[in-house]
Amino acid sequence: MDLGLNGKVAVVSGGSSGIGLAITRDLVREGATVSIAGRDAGRLAKARDEIAADLGAEVGTRVLDLRDTGAARAWVDDTAAEHGAVNIVVSNAGGPPAGPTGAFGPDGYRDAVDLGMISHIGFVQAALPHLQRAGWGRILIVASETIRDIIPKYALSAIARSGLAAYAKTLVHELGPGDVTVNVLAPGYTATDALLSGLDGDVEAETVRIAEQADIPLGRVARPEEVAAAGTFLLSARASFVTGTVQVVDGGRSLGM
Ligand SMILES: NC(=O)c1ccc[n+]([C@@H]2O[C@H](COP(=O)([O-])OP(=O)(O)OC[C@H]3O[C@@H](n4cnc5c(N)ncnc54)[C@H](OP(=O)(O)O)[C@@H]3O)[C@@H](O)[C@H]2O)c1
C-alpha cells in the first residue's frame, strides 16, 4: 500500500527511542525526510546512526526539551528553512511518573501537565503555520490509553493528558476544510525503554507477567512497531478523512467505548 508519504517533511519529537523511533523508521521507509528531537544527544546520535545503517537514510537531529516551546519552534522553523516545508508533526515525549493521585502534590501535577499537555500544544502551535502553508499536513500526538480507560496507578498520565484529546477535537474545527488532520495515538503497555528499564531479572518473563496482571486479551505487551504502524497510517495520505480521533493500540485491554 502506498501511504503517500514520499517527499513529505516530518518532525518527530521523542524520536530517539521507543514508539517515536519506530514511527521515524516507518516514515523513512516511506520516503519522508525526518528530523528527530530529544534531550539526550547520545541517544539521538545512536538512533540516527542505526537508521543510516539499516535504512540507508540520513535523519536530522536536534537536542531539545519539548517543554521549551521556543526551542521547539526554532527546530520546526529551521527544518522548514532547510527542506522547504514541514508537513508532518509527531508530538511525542516522556510520560509522567506512576502512582495514585495521593502520591503527588500540586507541583507534581504541574510538572505532569507541563510535560504531558502544554508541551504538546506548544509544539503543535509552532508547527501549524508551516502545515497550513504547505496545504497538506498531519499532526499526531502520542498520549496513552489511560485517557480512554483509567488505570488507577497511572493517575498523572490520565489527568495530564486528557486535555490532548479535547485539544485535538477542538483544533479540527479551527483547521476546517483542507488536508490538515490531527489525531491522538493512545498506546497501551509497549516494550520500550519506558516500560522495560524498570524491570529486573528475566525481562521477557516480566512483560508476560505485566500482560497477565493488566488482563490484556492478546496476552502480551505491544512491540513499538505495532503501535507505530497505527500512528503511521494516521500520518498517511490514506488517512485523509480521519481527524479528531483517539486511536487506542492496547491489545484490547481498555474497556472504554
Ligand atoms: N511504553 C509504554 O508502555 C507506554 C504506554 C502508554 C503510553 N506511553 C507513552 O508513549 C510515549 C512514548 O514513550 P515510549 O514508550 O516510546 O518511551 P521511550 O522509549 O522512553 O521514548 C521516549 C522518547 O521521548 C524523549 N523524551 C522524553 N522526555 C522528553 C522531553 N521532555 N523532551 C523531548 N523529548 C523527550 C526520549 O528521549 P530523551 O530521554 O533523550 O529526551 C525518547 O526519545 C510517552 O509519552 C509514554 O508515556 C508509553
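Residues numbered from 1 in each chain as written. Predicted model: local features only at pLDDT ≥ 70, side-chain atom pairs only at ≥ 80, totals over all residues. Heavy atoms only, no water.

Per an unreviewed UniProt entry, the recorded name for the protein chain is SDR family oxidoreductase, and the organism is Actinoallomurus vinaceus. Taken verbatim from the UniProt record of the protein chain, the Sequence similarities (unreviewed entry) comment is "Belongs to the short-chain dehydrogenases/reductases (SDR) family." (UniProt positions renumbered as here; feature names shortened; annotations may be inferred.)

(A) Here's a closer look at the overall build of the protein chain. From N to C terminus, the protein chain includes eight helices and seven strands. Taking 257 residues into account, the globule formula puts the C-alpha radius of gyration at 18 Å, and the protein chain, at 17 Å, falls close to it. In terms of principal-axis extent, the alpha carbons of the protein chain reach across some 50 × 40 × 35 Å. Burial status across the protein chain gives 51% buried among its 257 residues. Summarising the internal contacts of the protein chain: among those between residues at least 6 apart in sequence, 76% fall at separations of at least 24. (Helix = DSSP H or I, 4+ residues; strand = E, 2+ residues; numbered from the N terminus. Rg over C-alpha atoms; globule rule 2.2 N^0.38 Å. Buried < 20%, exposed > 50% of the residue type's maximum accessible area, 1.4 Å probe, protein only. Contact = heavy atoms within 4.5 Å.)

(B) Local environment of the domain arrangement of the protein chain. Entries for the protein chain in the domain assignment read domain 1 (9–187 + 224–246) and domain 2 (196–221). Its C-alpha centre places domain 1 at a distance of 26 Å from the equivalent point of domain 2. (Domains from an automatic or database assignment.)

(C) Representation of helix H1 (residues 18–29) in the model. A rise of 1.5 Å per residue sets the reference length of H1, with its twelve residues, at 16 Å; its end C-alpha atoms lie 17 Å apart and thus fit the reference within 8%. Burial of H1 is extensive: eleven of the twelve residues sit out of reach of the surface. For H1, the complete set of buried residues consists of Gly-18, Ile-19, Gly-20, Leu-21, Ala-22, Ile-23, Thr-24, Arg-25, Asp-26, Leu-27 and Val-28. Gly-31 occupies a position one or two residues after H1 and carries a positive phi of about 95°. (Expected span 1.5 Å × (residues − 1).)

(D) Here's a closer look at unusual backbone geometry. Here Asp-215, not a glycine, exhibits a phi torsion of approximately 60°, which is positive. If you trace the backbone, Asp-215 turns up in the loop between helix H7 (203–214) and helix H8 (224–235). A relative accessible area of 60% places Asp-215 in the exposed class.

(E) Representation of the site of the ligand. Surrounding the ligand, one finds 29 residues, the nearest of these being Ser-16, Ser-17, Arg-39, Arg-161 and Thr-192. Here the ligand loses 92% of its free accessible area of 890 Å² to cover by the protein chains. Of the residues in the shell around the ligand, the class split is ten nonpolar, 13 polar and six charged. (Near = heavy atom within 4 Å. Areas by Shrake-Rupley, 256 points an atom, 1.4 Å probe, with all protein chains shown as cover. Nonpolar A, V, L, I, M, F, W, Y, C, P; charged D, E, K, R; others polar.)

(F) Molecular detail of the sheet that holds strand E4 (residues 88–91). The strand order across the open sheet formed by seven strands is E3-E2-E1-E4-E5-E6-E7, and the pairing between neighbours is parallel. The sheet terminates laterally at strand E3 (60–63) and strand E7 (246–249), the two strands that pair on one side only. On average, each strand axis in the sheet is inclined to that of its neighbour by 15°, with strand direction left out of account. For strand E1 (residues 9–13) and E4, the ladder comprises three bridges, and the chain directions are parallel. Within E4, the position partnered with Val-12 by the bridge is Val-90. Lying on the sheet, H8 is in contact with E4, strand E5 (137–142), strand E6 (180–187) and E7; it crosses E6 at an angle near 170°. (Pairing = 2+ DSSP bridges. Axes fitted to C-alpha atoms, helices over the stretch in contact; angles between N-to-C directions.)

(G) View of the packing of helix H4 (residues 106–134) against helix H5 (residues 155–175). Look at H4 against H5: their axes get within 8 Å of each other, and the N-to-C directions meet at 20°. In terms of axis orientation, H4 runs roughly parallel to H5. Regarding H4 and H5, the two cross each other, and that crossing is right-handed. Here Gly-108, Tyr-109, Ala-112, Val-113, Gly-116, Met-117, His-120, Ile-121, Val-124, Gln-125, Leu-128 and Gln-132 of H4 come into contact with H5, specifically with Leu-156, Ile-159, Ala-160, Arg-161, Gly-163, Leu-164, Tyr-167, Leu-171 and Leu-175. Grouping the amino acids of the contact of H4 with H5 by side-chain chemistry returns 14 nonpolar, six polar and one charged. (Parallel < 35°, antiparallel > 145°, perpendicular 65-115°, else oblique. Left-handed = near helix turned anticlockwise from the far one by under 90°.)

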